[in-house]
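Descriptive analysis of the structure
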Amino acid sequence: MSCNNCGHAGSFVLLVDLAALVTLDAPANSGASPDAEPDDRCRQREWSLTARCPACDSTDVAVDATTLLSRAAATRS
Ligand SMILES: [Zn+2]
């Protein structure tokens, strides 16, 4: 696990990007089944995980972001 740009290793920044399209002028509970249109609801929320080098701010790192996320979850105090 190291940065492909500067060679930094050891610790990396985990970026979590979440975007949600929220409709405010419709009732929260329209009576429809919550599982009615899962595809449409999925398209209104997008999220991504990115690993970034803290030394050079490059995202070209040989680190799996999901590995960082599981490590962060396991080491939180
Ligand atoms: Zn770097």
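For the structure itself, consult the block above.
A brief structural summary. (Residues numbered from 1 in each chain as written. Predicted model: local features only at pLDDT ≥ 70, side-chain atom pairs only at ≥ 80, totals over all residues. Heavy atoms only, no water.)

1. Let's talk about the coordination of the zinc ion
Heads up, the rule is: Sites may look incomplete, because water is not among the atoms used; the donor set itself consists of N, O and S atoms within 2.8 Å of the metal (3.2 Å for Na, K and Ca). All geometry calls rest on donor angles, where a four-donor set with angles between 85 and 135 degrees is tetrahedral, four- and six-donor sets with opposite donors more than 155 degrees apart and all others between 65 and 115 are square planar and octahedral, and all else is irregular. Strands here mean DSSP runs of E at least two residues long; helices mean DSSP runs of H or I at least four residues long; both are numbered from the N terminus. Type-normalised accessible area, obtained with a 1.4 Å probe on protein chains alone, sets the label of each residue: buried when under 20%, exposed when over 50%, and partly exposed for intermediate values.
Within the protein, Cys3 (SG), Cys6 (SG), Cys53 (SG) and Cys56 (SG) serve as the donor atoms for the zinc ion, at 2.3 to 2.4 Å. Angles of 104 to 113 degrees at the metal separate the four donor atoms of the zinc ion, which places the site in the tetrahedral class. Taken in sequence order, the residues that donate to the zinc ion follow the motif C-x2-C-x46-C-x2-C. Within this pair, whereas Cys6 is found in the segment before β1 (13-20), its partner Cys56 is found in the loop between β2 (45-52) and α2 (65-75), the two being separated by 50 residues in sequence. Here Cys56 falls in the partly exposed class, since its relative accessible area comes to 29%.

2. Some words on the environment of Glu46
Quick note on the threshold: Any pair of residues with heavy atoms lying within 4.5 Å of one another is described as a contacting pair.
You can see Glu46 is positioned in strand β2. With relative accessibility at 55%, the residue Glu46 sits in the exposed group. Setting aside anything within four residues of it in sequence, one finds Glu46 in contact with Asp17, Leu18 and Ala19.

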